[in-house]
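Observations on the three-dimensional arrangement
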Amino acid sequence: MGGYQASLSAACGIIPSPLIAQMPMKVLGIETSCDETGIALYDSEKGLLADALYSQIELHQKYGGVVPELASRDHIRKTLPLIREVLDKADCALSDLDGIAYTAGPGLAGALLVGGSIGRSLGMTLNIPVIGVHHMEGHLLAPLLEKNGPEFPFVALLVSGGHTQLVEVPEIGRYTVMGESLDDAAGEAFDKVAKMLGLPYPGGPHVAKLAEPGTPGRFDFPRPMTNRPGLDFSFSGLKTFTMNTVEKNKVNGVLDEQTRADIAWAFQEAVADTMVIKCRRAFKHSGLKRLVMAGGVSANLRLREKLAIMAKEEGGELYYPGFAYCTDNGAMIAYAGCMRLLAGQQDDLSILAKPRWNLETLPSLS
Amino acid sequence: MPIILAIDTSTQACSCALNRDGIIIERFEIIPRQHADRLLSMIDDLMNDQALVYSDLDAVAYGQGPGSFTGLRIAAGVTQGIAFGANIPVVPISSLASMALQVGKSEIDIVFSTLDARINEVYWGIYSVEGKRVSLIGNEGLCKPEDLPPCVSGNPVSLIGVGSGLEFLNRMPEVYKEILSDKILSIYPRAGTMAELAVEYFLQGLVKQPEEVSPVYLRDNVAKVSVK
């Protein structure tokens, strides 16, 4: 239980890590960085005990993207009921909690503040340690929630609506960004292309579905930034290329169904091939052979398929989270927070909300 | 008497207060954009100073608004965290009522409580204040200063104006300028007066569960439907 730790932390300011490392820990995770309210309870011995998610997709759909103020207003309605739901599912009481982890950034400032305000004050009231977690560290560690998760070190491809990054991960807590998108994130490009093709937000799953009956080879889209060295990405040109293709192929102002599918296919293929080329380079560059993909776009089956083939060709292996843990969720935050709390890290009483936060500045666990 | 913790972050002021047997102990700071950073330390300091733990509390009162959206959610979130953690109810208090109470005297005053709502609008409410009792006349509103009702509810002969919305006084209908007997722009919502009001509400059973905490924004048209 938390009482012993709490008194220790109050007395010493920091918990000596070897002592805690032997004690199992139940950590509540709170994720409110964008348009999903995610809550989970993670046990360092038993694994994930329960989780719950509320997606605001419908709320934002008619606006064609996330409206930050509406997102914040919804988080304040949903967070506490979801915490209750998770505790009930896990058959746990508040007094069973040993720590709280909340997403402190990056993300929408107002949305982050909701999870932070509730999480930090709940921890203060229960007198248990609290930590603000980096959202992308959460994503990056999500595959470790699976039974056969990756061992360290590995290369991580983080692909979501807000990020596209290749990260070298020698150990938990140490991250070196090897390359990233210079403009749009991959998920953002999917959203924009979806809009061009008359598909709803969020675009990823809809574009993938539309691409299924697409004709390979009808359109040849560029693979941006692959013909020069480096691990950075750019999707803005590909987006414009897609837009031009859409306009050129309209007949009387409309695209026929097959052409829509063919464009979706060509776009998705270009994104996937670009990722494959960059990840292969990242293997060569780092000498590593394990590739972890995470973030919303890692749910894309074509991308998974192509990266798995590449990893095999290179004598390595591909890891990814279960579908539920590709997109934003509380489990990954509970897990990442638990690892840091077990290492003795914890925050003071400030409620942290860092809309921009460099992954490389995180303290290591050792 | 119940012990009540009150929290307010609806404006640039950040405050927390305890009501113990009618005695108010308050922490009040004007710290724009630092509420998230400072609020919990202020509460912790107040509780330690009074040698209280959270299980000693009977309820948490909070400034429900109107005010800064982000500020309202910080108070709402912190209230939820504390009340849920301590398994106690919450008491929502209007920021405008908290301001009106600060000018309460023994006789009945009519107070025009108003806050700058940005984009050329004001939040406002007309309150009848008698000593420590505050009652809202009509409803709280949000409008351009020019669009305030042309007659003040109850047709009072004099009006005390409080709050930052008075910056827009020269744009308000004539009657507000004519009957304004006193104006105090520097009055902010504060947890001390909220803690006073909250005890009354608490004893009357006007409490809510932590899940029901819901900021009163007054401004609800915050998004435009995309044309495309």
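Just so it is clear, the structure is predicted and the values come from calculations on it, not from any experiment. (Residues numbered from 1 in each chain as written. Chains lettered and ligands numbered in written order. Predicted model: local features only at pLDDT ≥ 70, side-chain atom pairs only at ≥ 80, totals over all residues. Heavy atoms only, no water.)

**A look at the overall build of chain B**
The criterion, for reference: Strands are runs of DSSP state E lasting at least 2 residues, helices are runs of H or I lasting at least 4, and numbering of each runs from the N terminus. All radius of gyration figures rest on C-alpha atoms, and the globule criterion is 2.2 Å times the number of residues raised to 0.38. Residue burial is assigned from relative accessible area. The probe radius is 1.4 Å, only protein chains are included, and a residue is buried under 20% of its type maximum, exposed over 50%, and partly exposed in between. Here, two residues are considered to be in contact whenever any of their heavy atoms come within 4.5 Å of each other. Charged-residue counts in this description rest on Lys and Arg as positive and Asp and Glu as negative, His and the chain ends being excluded. Each charge is placed at NZ for Lys, CZ for Arg, CG for Asp and CD for Glu.
Counting secondary structure elements, chain B contains five helices and 10 strands. A globule of 228 residues ought to have a C-alpha radius of gyration of about 17 Å, and chain B, at 18 Å, matches this closely. The burial tally for chain B puts 56% of its 228 residues in the buried class. Taking the intrachain contacts of chain B between residues at least 6 apart in sequence as the baseline, contacts between residues at least 24 apart amount to 65%. Positive and negative charge centroids in chain B, built from 18 and 27 side chains respectively, lie 8 Å apart.

**Structural notes on the confidence of the model for chain A**
Note the cut-off: What pLDDT reports is the predictor's confidence in each residue, on a scale of 0 through 100.
On average, residues of chain A carry a pLDDT of 92, and 94% of them reach 70 or more. Low pLDDT, under 50, characterises residues 1-20 of chain A; the stretch is placed with 30 contacts to residues that sit more than four places away or in other chains.

**Re helix α12 (residues 330-342) of chain A**
Residues and elements named next belong to chain A. Cut-off, in case you're wondering: By definition here, a helix of n residues has an expected span of 1.5 Å times n minus one. In the analysis that follows, any N or O atom pair within 3.5 Å is treated as a polar contact, provided that within protein one partner can donate a hydrogen and the other can accept it, and provided that, for residues neighboring in sequence, both atoms belong to side chains.
A rise of 1.5 Å per residue sets the reference length of α12, with its 13 residues, at 18 Å; its end C-alpha atoms lie 18 Å apart and thus fit the reference within 8%. The buried fraction of α12 is high, at 13 of 13 residues. Where α12 begins, the capping side chain belongs to Asn329, and its oxygen is found 3.0 Å from the backbone nitrogen of Ala331. Positive backbone phi, approximately 90°, marks Gly344, located one or two places after α12.

**Here's the deal with the pattern of salt bridges**
Residue and element names in this part refer to chain A. To be explicit about the condition: We define a salt bridge as a contact between a side-chain nitrogen of Lys or Arg and a carboxyl oxygen of Asp or Glu at a distance within 4 Å.
Counted according to the given criterion, the structure contains 33 salt bridges over all chains. A salt bridge links Asp273 to Arg223; the nearest nitrogen and oxygen atoms lie 2.6 Å apart. Here Asp273, found in helix α10 (residues 257-286), pairs with Arg223, found in the loop between α8 (203-211) and α9 (236-248); they are 50 residues apart in sequence, far enough to count as distant. By relative accessible area, Arg223 is classed as partly exposed at 22%.

**Thoughts on the domain arrangement of chain B**
Residue and element names in this part refer to chain B. Keep this limit in mind: For every domain, the bounds stem from an assignment made automatically or drawn from a database. Here the quantity called buried area is the accessible surface, traced with a 1.4 Å probe, that two parts lose on coming together, added over both. All amino acids are sorted into three groups, where Ala, Val, Leu, Ile, Met, Phe, Trp, Tyr, Cys and Pro are nonpolar, Asp, Glu, Lys and Arg are charged, and the leftover types, Gly among them, are polar.
As assigned here, chain B comprises domain 1 (4-94 + 189-212) and domain 2 (96-184). Each of domain 1 and domain 2 has a C-alpha centre, and these two points are 24 Å apart. Each side of the interface is counted separately: domain 1 has 12 residues, and domain 2 has 13 residues. Surface buried jointly by domain 1 and domain 2 totals about 1,100 Å² across both partners, of which 60% is contributed by carbon and sulfur atoms. The three residues of domain 1 that bury the most area against domain 2 are Pro66, Ser94 and Leu197, which together make up 44% of that side's buried surface. At the surface where domain 1 touches domain 2, the tally comes to one salt bridge. In this structure, Glu196 engages Lys132 in a salt bridge whose closest nitrogen and oxygen atoms are separated by 3.2 Å. The interface formed by domain 1 and domain 2 holds eight residue pairs in polar contact (both at pLDDT 80 or more) in total. The element best represented in the side of domain 1 that touches domain 2 is helix α5 (residues 191-203), accounting for five residues. Across the side of domain 1 that touches domain 2, the residue classes tally to five nonpolar, four polar and three charged.

**Considerations on the environment of B:Leu197**
Residue and element names in this part refer to chain B. Its place among the elements puts Leu197 in helix α5. Looking at Leu197, the relative accessible area reads 4%, which means it is buried. Spatially, the C-alpha atoms of Leu197 and Lys144 are 29 Å apart, while their sequence positions differ by 53 residues. If sequence neighbours within four positions are ignored, Leu197 has contacts with Ile93, Ala97, Ser98, Leu101, Lys132 and Val134.

**So, the packing of α8(A) against α10(A)**
All names here are of chain A. For clarity, the cut-off: Only the contacting stretch of a helix is used when fitting its axis, a line to C-alpha atoms as for every element, and angles between N-to-C directions run 0 to 180 degrees. We call a crossing left-handed when the near helix sits turned anticlockwise from the far one by less than a right angle, and right-handed when that turn is clockwise.
Contact pair α8 / α10: the axes reach a minimum separation of 7 Å and the direction vectors enclose 115°. The two elements α8 and α10 meet at a crossing, and its hand is left-handed. Only Glu257, Arg260, Ala261, Ala264, Trp265, Phe267 and Gln268 of α10 make contact with α8, whose side of the interface consists of Val207, Ala208, Leu210 and Ala211.

**Description of helix α5 (residues 109-126) of chain A**
Residues and elements named next belong to chain A. When the terminal C-alpha atoms of α5 are compared, their 25 Å separation across 18 residues agrees well with the 26 Å that a helix rising 1.5 Å per residue should span. Burial within α5 is extensive, with 16 of its 18 residues counted as buried. Looking at the residues trailing α5, positive phi occurs at Asn127, about 60°.

**Side note on the sheet that holds strand β4 (residues 59-65) of chain B**
All names here are of chain B. The line we're drawing: A pair of strands is labelled paired if DSSP reports no fewer than 2 bridges between them.
One open sheet holds the five strands; their spatial order is β3-β2-β1-β4-β5, and the pairing between them is mixed. With one partner strand each, in any of the chains shown, β3 (23-30) and β5 (90-94) form the two edges of the open sheet. Strand after strand, the sheet turns through a mean of 20° between neighbouring axes, direction not considered. When strand β1 (residues 4-8) meets strand β2 (residues 13-20), the two strands line up antiparallel, connected through five bridges. Its bridge partner lying in β2, Ile7 is registered against Cys16. Sheet strands touched by helix α1 (residues 35-49): β1, β2 and β3. Its angle to β2, the strand with the most contacts, is close to 20°. Contacts from helix α2 (residues 69-86) reach β1, β4 and β5, with the element oriented near 165° to β4.

**With respect to unusual backbone geometry**
In the segment running from A:Gly105 into A:Pro106, the intervening peptide bond is cis, with an omega of -15°. Relative to the assigned elements, A:Pro106 resides in the loop between β4 (99-105) and α5. Along the chain, B:Gly65 connects to B:Pro66 via a cis peptide bond; the corresponding omega equals 0°. Within the secondary structure, B:Pro66 sits in the loop between β4 and α2. At B:Arg118, a residue that is not glycine, the phi angle is positive and equals roughly 60°. Position of B:Arg118 relative to the elements: it lies in the loop between β6 (108-116) and β7 (122-130). Looking at B:Arg118, the relative accessible area reads 63%, which means it is exposed. Positive phi outside glycine occurs at B:Asn155, with the angle close to 45°.

**Description of the sheet that holds β6(B)**
Residue and element names in this part refer to chain B. Pairing in this open sheet of five strands is mixed, and the strands run β8-β7-β6-β9-β10 from one edge to the other. The open sheet has two edge strands, β8 (133-143) and β10 (180-184), and neither has a second partner. In this sheet, neighbouring strand axes are inclined to one another by 20° on average, regardless of whether the strands run parallel or antiparallel. Pairing of β6 with strand β9 (residues 159-162) involves three bridges; the strand directions are parallel. From the neighbouring strand, Phe112 faces β9, where its bridge partner is Gly161.

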